[in-house]
Amino acid sequence: MYRIFCESYYNYIKNFEAKGAKDEYRYKIAKVFELIVDPQKFYKEKSKNSETYQNLCNLLCYMKENIHRYPKFKAFLWTLESRQIEPDYCGKTPQNVLEDQAKLANMFLNLMYWE
C-alpha cells in the first residue's frame, strides 16, 4: 500500500510539473505528501517542527478520525506507523484543506494515479 501511494504521488506531481502548474491549489495541497514518500524529509521537518510537518500531523489525525469514511486509511496509517511516521496534533490546518488532502490520499490508494 505504501508503494502504491508513493508511485501515485509521483505520477500526480509530475503532471503538474510538466505543465508548469506549480501554483495550482491541487499541487500545493499535495506537497505535504512529500514527507510521506521521503521519510528522511519527514524526520528533518519534524526536527524543525515546520509548517509542512504540522500540516501532515493534522492530516494524519484527520485520516485516523475518518477511517469510517475512507476504510483504506486504516492499513495505510499502519504502514506509516511502521515507518515511525506518526502525528503530533497541531490543529492549524483548515478543515477544507484537510478534507481535500484526505480525498486526494484516498484517490492515490484507490489507484486513480497508478500507471
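The coordinates are above.
Predicted model only: the values in this text are computed from it and were never measured.

### Side note on the packing of aromatic side chains
Line of reasoning, step 1. Per the stated rule, a full pass over the model turns up 15 aromatic pairs.
Line of reasoning, step 2. The interplanar angle of 85 degrees and the centroid separation of 4.9 Å between the aromatic rings of tyrosine 12 and tyrosine 113 together place this pair among those described as edge-to-face. Here tyrosine 113 lies in the segment after helix H7 (95–109) and tyrosine 12 lies in helix H1 (residues 2–19), a separation of 101 residues in the sequence.
Line of reasoning, step 3. Among the aromatic residues, ring-to-ring pairing joins Phe5, Tyr9, Tyr10, Tyr12, Phe16, Tyr27, Phe33, Phe76, Phe108 and Tyr113 into one connected group.

### Examining the pattern of salt bridges
Line of reasoning, step 1. The full count for this structure, using the stated rule, is 4 salt bridges.
Line of reasoning, step 2. Residue glutamate 7 is joined to arginine 3 by a salt bridge in which the shortest nitrogen-to-oxygen separation is 2.9 Å. Taken together, the residues glutamate 7 and arginine 3, both in helix H1 and 4 residues apart, mark about one turn of the helix.
Line of reasoning, step 3. Judged by relative accessible area, arginine 3 falls into the exposed class, the value being 53%.

### Some words on H7
Residues spaced three or four apart along an α-helix face the same direction, because each turn holds 3.6 residues.
Line of reasoning, step 1. Between the first and last C-alpha of H7 there are 21 Å, a value that for 15 residues agrees with the 21 Å anticipated at 1.5 Å per step.
Line of reasoning, step 2. Listed as buried for H7 are Val97, Leu98, Gln101, Ala102, Leu104, Ala105, Asn106, Phe108 and Leu109.
Line of reasoning, step 3. As for H7, its buried residues are in contact with H1, helix H2 (25–30), helix H5 (51–65) and helix H6 (72–81).
Line of reasoning, step 4. With its phi angle positive at about 65 degrees, leucine 111 sits one or two positions after the end of H7.

### Quick word on the packing of H1 against H7
Line of reasoning, step 1. In the contact formed by H1 and H7, the axes pass within 8 Å of each other and the chain directions differ by 110 degrees. As judged from the angle between their axes, H1 and H7 are roughly perpendicular. The handedness of the crossing between H1 and H7 comes out as right-handed. Counted together, Ile4, Phe5, Ser8, Tyr9 and Tyr12 of H1 and Leu104, Ala105, Phe108 and Leu109 of H7 form the full contact between these two elements.
Line of reasoning, step 2. Looking at the contact of H1 with H7 residue by residue, the classes come out as 8 nonpolar, 1 polar and no charged.

So, how was this worked out
For every chain, the first residue of the written sequence is number 1, and numbering continues from 1 along that sequence. Where totals are concerned, whole chains, interfaces and linings use all residues; where local detail is concerned, this predicted model gives features only for residues with pLDDT of at least 70, and gives and counts side-chain atom pairs only at 80 or more. Hydrogens and water are ignored here; the side-chain numbers use all heavy atoms of the structure. Two rings belonging to Phe, Tyr or Trp (six-membered ring only in the last case) form a pair when the distance between their centres is within 6.5 Å. Interplanar angles under 30 degrees mark stacking, angles over 60 mark edge-to-face geometry, and anything in between is tilted. Strands are runs of DSSP state E lasting at least 2 residues, helices are runs of H or I lasting at least 4, and numbering of each runs from the N terminus. Each reported salt bridge corresponds to a side-chain nitrogen of Lys or Arg within 4 Å of a carboxyl oxygen of Asp or Glu. The cut-offs for exposure are 20% and 50% of the maximum accessible area for each residue type, with area from a 1.4 Å probe on protein chains only; residues under the lower value are buried, those over the upper are exposed, and the others partly exposed. How far a helix is expected to stretch is found by multiplying one less than its residue total by 1.5 Å. Contact criterion: two residues are considered in contact whenever any of their non-hydrogen atoms come within 4.5 Å of each other. To get an axis, a line is fitted to the C-alpha atoms, and for a helix only the part in contact is used. The angle between two axes follows their N-to-C directions and goes from 0 to 180 degrees. To sort the angles, those under 35 degrees are grouped as roughly parallel, those over 145 as roughly antiparallel, those from 65 to 115 as roughly perpendicular, and the leftovers as oblique. For any helix crossing, the convention is left-handed if the near helix is rotated counterclockwise from the far helix by under a right angle, and right-handed if that rotation is clockwise. Polar here means any residue other than Ala, Val, Leu, Ile, Met, Phe, Trp, Tyr, Cys and Pro, which are nonpolar, and Asp, Glu, Lys and Arg, which are charged; Gly is therefore polar.

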